[in-house]
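Chain by chain, the residues run as shown.
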Amino acid sequence: MADVKTLNTAPGFSTISDKEIFEFEHKHGAHHYGRLDVVVRRAEGVWLHTQDGNKYLDCLAAYSAANQGHCHPNIARALVEALQNQYASVISNVVYTDSLALFLKKLSTLVPQMAPKLGANGNKVLPKNGGVESVETAIKTARAWGYMKKGIEDGKQEIIVFRNNFHGRTLLAVSVSSTEKYKKGFGPMVPGFVDVDFGDLEAVKAVINKNTCGILVEPMQGEGGMYQPPDGFRKGLRDVADENNLMLIFDEIQVGLGRTGKMFCFEHENVVPDGIVLGKALSGGMVPLSCFVTNTEIMDAVFQPGRDGSTFGGYPLACIAGNAALDVLVDEDLAGRSTKMGAILHKKIDEIAARSSHVKEVRGRGLFIGIEVKNGDAMSFCSKLLKLGLLANDSHGHTIRISPPLILDEENIDYIVERLEKVLVD
Ligand SMILES: Cc1ncc(COP(=O)(O)O)c(C=O)c1O
């Protein structure tokens, strides 16, 4: 361990050089990410700092995990206090903890009543770690619901999903995916899914059969290119789900928790799903925390002791972060801020697009803005932005993703716009 020098010479955890960091990672880590050549040593608010004193405005916000801004002081304080006061260790799930109880109460009441057709008997929350685990919980729930309530033969359940979706990287989640790169060589894939084009309601209706138990959809696609579905699509899904007794599940891991200008993206169309998956900003991006939330009736029907579990799912440190992170979202009205700042930024980006020969389309809602470029190579523009002190990456290759922390202010907007202007307008 002699080569890890953990001296407190800020910024950073260690004094090892950037060159050593590249070397260590390349030599000792799996190469499953194509990283940008930047070592971030400190993250605060909307800014990422390097050891040589450079800083980058973070327009990625860890794909919406840092909605509250990096190292939000309230969340950081809650975590530090929990660690210093012995509240934070992973405690076996065979006992109760106050942190979990408080978090469950807070989240289940923050989320509007799921599956209201089953009664206003409250929501229940099943906590996990990374987002994909809660996607799996949602899929398990829809399958079990179909088996128990619709009489579908176990093993025959089908769930409708959408092309270009992104629900994570476990074998189940890549089985749901239409992206070849995610799947090739990892077979056999998990059966039980049928995919149709995002936004195509008629295609959804056409694939429903006696074994269909649910629909899993991102209310706006994130990784798939930052697309909003056509107006009325989500409402149409709701109607189809009601007519055919299907569970409608929204994966709001990337677009929920204020990102698009509402606490939950489904609120834009006032379409309430039967279940929702949340993650990322649920803990303010501090520790992995995700949840599946559904109506009490559904949760109780599907899960009894022994039917699910996770060592770290709902452990105290995560719940303490979750409690503080939800408070920050509500107290600082970050959804409202996303609407306000998103409208200003979107307008300015539209103005740049009108003068740019590179921009094909600007789309999005709140602080979830995609700039699709004509040459299909968003990363070529992101590399230039990086040199100007702005971190962004692509969505689906062709779209520059602008999704900064929701605490963004107008000065930050000017900073972003100035750099986009330089890169997009010749
Ligand atoms: C919509 C959506 N679902 C699921 C996931 C997977 O979450 P995680 O990477 O935390 O497992 C992501 C991650 O980007 C996502 O955007």
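For every chain, the first residue of the written sequence is number 1, and numbering continues from 1 onward in sequence order. Only residues with pLDDT of at least 70 get local features here, since the model is predicted, and only at 80 or more are side-chain atom pairs given and counted; chain-wide, interface and lining totals rely on the full set of residues.

## Concerning the overall build of the protein chain
Our working rule: The numbering of helices and of strands both runs from the N terminus, where a helix is a DSSP run of H or I of at least 4 residues and a strand a run of E of at least 2. Radius of gyration means the value over C-alpha atoms here, while the globule rule gives 2.2 Å times the residue count to the 0.38 power. Put plainly, a residue is buried at 20 or more neighbouring C-beta atoms within 10 Å of its own, exposed at 12 or fewer, and partly exposed in between, counting only other residues' C-beta atoms, which are placed from the backbone.
Across its full length, the protein chain holds 14 helices and 15 strands. Taken over the C-alpha trace, the protein chain has a radius of gyration of 22 Å; the compact-globule value for 426 residues is 22 Å, and the two agree within 12%. Seen along its three principal axes, the alpha-carbon backbone of the protein chain occupies a region of about 60 × 55 × 45 Å. Each of the 426 residues in the protein chain was classed as buried or not, and the buried ones make up 47%.

## So, the site of the ligand
Filter applied, for reference: Using a C-beta atom placed from the backbone, a residue is described as near a molecule or strand when that atom lies within 6 Å of it.
Close to the ligand lie 15 residues, the nearest being G130, G131, V132, G168 and Q254. Among the elements that take part in the shell around the ligand, helix α5 (residues 131-149) stands out by supplying three residues, more than any other.

## Description of the domain arrangement of the protein chain
Stated formally: For the purposes of this description, domain bounds are those given by an automatic or database domain assignment.
Under the domain assignment used here, the protein chain contains domain 1 (1-28 + 48-56) and domain 2 (81-331). Summarising the inter-unit geometry, the C-alpha centres of domain 1 and domain 2 are found 36 Å apart.

## Focus on helix α9 (residues 233-244)
The condition is simple: Expected helix span is computed as 1.5 Å times (number of residues minus one). Working note: the arc is built from the helix axis to C-beta atom directions. By definition, residues are in contact whenever their C-beta atoms, placed on the basis of the backbone, come within 7 Å of each other.
For α9, with 12 residues, the first-to-last C-alpha span of 16 Å sits near the 16 Å given by 1.5 Å per residue. When α9 is considered as a whole, its buried residues turn out to be R234, G236, L237 and A241. All buried residues of α9 project into a common sector of 155° when viewed along the axis, lining one side. In α9, the exposed positions angled more than 90 degrees off the buried face are occupied by D242 and E243. Against the buried residues of α9 lie α8 (201-207), β7 (212-217) and β8 (247-251).

## Considering the nonpolar core
This is how it is decided: For the purposes of this analysis, a nonpolar core is taken to be any set of buried Ala, Val, Leu, Ile, Met, Phe, Trp, Tyr and Cys residues that are connected through C-beta atoms within 7 Å.
The biggest cluster of nonpolar side chains holds 114 residues, and the ones touching the most others in it are I215, I249, V293, A321, A325 and A392. Those residues in contact with A392, other than ones at most four positions away along the chain, are C59, L60, C382, L385, I400, R401 and I402.

## A few points about the packing of helix α3 (residues 73-84) against helix α11 (residues 316-331)
The criterion, for reference: Each axis is a line fitted through C-alpha atoms, and for a helix only the stretch in contact is used; angles between axes span 0 to 180 degrees, taken between their N-to-C directions. To sort the angles, those under 35 degrees are grouped as roughly parallel, those over 145 as roughly antiparallel, those from 65 to 115 as roughly perpendicular, and the leftovers as oblique. Helix crossings get a hand from a simple test, with the near helix turned counterclockwise from the far one by less than a right angle marking a left-handed crossing and a clockwise turn marking a right-handed one.
At a minimum axis separation of 9 Å, α3 and α11 run at an interaxial angle of 155°. Judged by the inter-axis angle, α3 sits roughly antiparallel to α11. In this structure, α3 crosses over α11, and the sense of that crossing is right-handed. Packed against α3, whose contacting residues are N74, I75, A78, L79 and A82, the element α11 presents P316, L317, I320, A321, A324, A325, D327 and V328 at the interface.

## Quick notes on helix α13 (residues 378-387)
Those residues of α13 not exposed but buried are A378, F381, C382 and L385. Each buried residue of α13 lies within a common arc of 105° when the element is viewed along its axis, so the set occupies one face. Against the buried residues of α13 lie β12 (368-373), β13 (390-391), β14 (393-395), β15 (399-402) and α14 (410-424).

## What about the environment of I298?
Tracing the chain through its elements places I298 in helix α10 (residues 296-302). Note on I298: 23 C-beta atoms within 10 Å, which makes it buried. C-alpha of I298 to C-alpha of A142: the two residues are 156 residues apart in sequence and 9.1 Å apart in space. If we skip the residues at most four places from it in the chain, I298 touches A115, L118, T141, W145 and D274.

## With respect to the pairing of strand β9 (residues 275-278)
For clarity, the threshold we go by: In this description, strands pair whenever DSSP reports at least two bridges between them.
By the alternation rule, side chains of β9 split into G275 and V277 and I276 and L278, which are all buried. As defined by bridge partners, β8 adjoins β9 across three bridges and the pair is classed as parallel. In the strand pairing of β9, F250 is matched with I276.

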